[in-house]
Amino acid sequence: MPGLLRGVARTAVVAGTATAVSNRVSRRQAGRWAQQDYGQQQQYEQQQYPQQAAPTAPAAPQTPAADEMTQKIDQLKQLADLKAQGVLSDEEFENQKRRLLG
C-alpha cells in the first residue's frame, strides 16, 4: 500500500507541475499575441485616421533624444499592462524595466 500511495503522489506532483508550466506558457503566448494585436491596431488606426496638424501653431519637431524617451515610456506602459494582465511576474517586469532603462 505505501508503494501505491507513493506512486499516486508522484503522479499528482508531475501532473500538477505539467499543468502549471502549460498554463504559464499559455499566458505568455496570449500576452505576446495581445501585444502584437495592439501594435497592429495602432498601425491600422494611424493609417485610417492620420493626425492633422493644429492650424494655430505647428508642432515642434522632436529631437532624437525626446523621440527615444517617448519610445521608452510607451514600452514601459506596455510592460505595465502585461504585468497587470498577469502575463509578467514582478521579477520579469523588473528585469525588463532594468534592461529598457539600463
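The rules behind each value
- Residues numbered from 1 in each chain as written.
- Predicted model: local features only at pLDDT ≥ 70, side-chain atom pairs only at ≥ 80, totals over all residues.
- Heavy atoms only, no water.
- Helix = DSSP H or I, 4+ residues; strand = E, 2+ residues; numbered from the N terminus.
- Buried < 20%, exposed > 50% of the residue type's maximum accessible area, 1.4 Å probe, protein only.
- Areas by Shrake-Rupley, 256 points an atom, 1.4 Å probe, with all protein chains shown as cover.
- Core = buried A, V, L, I, M, F, W, Y, C linked by side-chain atoms within 4.5 Å.
- Contact = heavy atoms within 4.5 Å.
- Salt bridge = Lys/Arg side-chain N within 4 Å of Asp/Glu carboxyl O.

Assigned secondary structure in the protein chain consists of three helices and zero strands. Helices and strands in the protein chain line up, N terminus first, as α-α-α. Residues counted as buried form 8% of the 102 residues belonging to the protein chain. Carbon and sulfur atoms form 56% of the exposed surface of the protein chain, whose accessible area is close to 8,800 Å².

It is worth spelling out the nonpolar core at this point. One finds L79, L82, V87, L88, F93 and L100 forming the largest nonpolar core, which totals six residues. Within the residue set of this core, elements represented by two or more residues are α2 (64-85) and α3 (90-101). Not counting residues within four places of it along the chain, the set of residues in contact with L82 comprises G31, Q35, V87 and L88.

Our next topic: the pattern of salt bridges. Side chains that differ in charge, positive against negative, can pair when their charged atoms come close. By the definition in use, this model includes five salt bridges. In this structure, R24 engages E92 in a salt bridge whose closest nitrogen and oxygen atoms are separated by 2.5 Å. Of the two residues, R24 sits in helix α1 (residues 2-48) while E92 sits in helix α3, which places them 68 residues apart along the sequence. The class of R24 is partly exposed, set by a relative accessible area of 37%. Because the salt bridges share partners, they merge into one network encompassing R24, R28 and E92.

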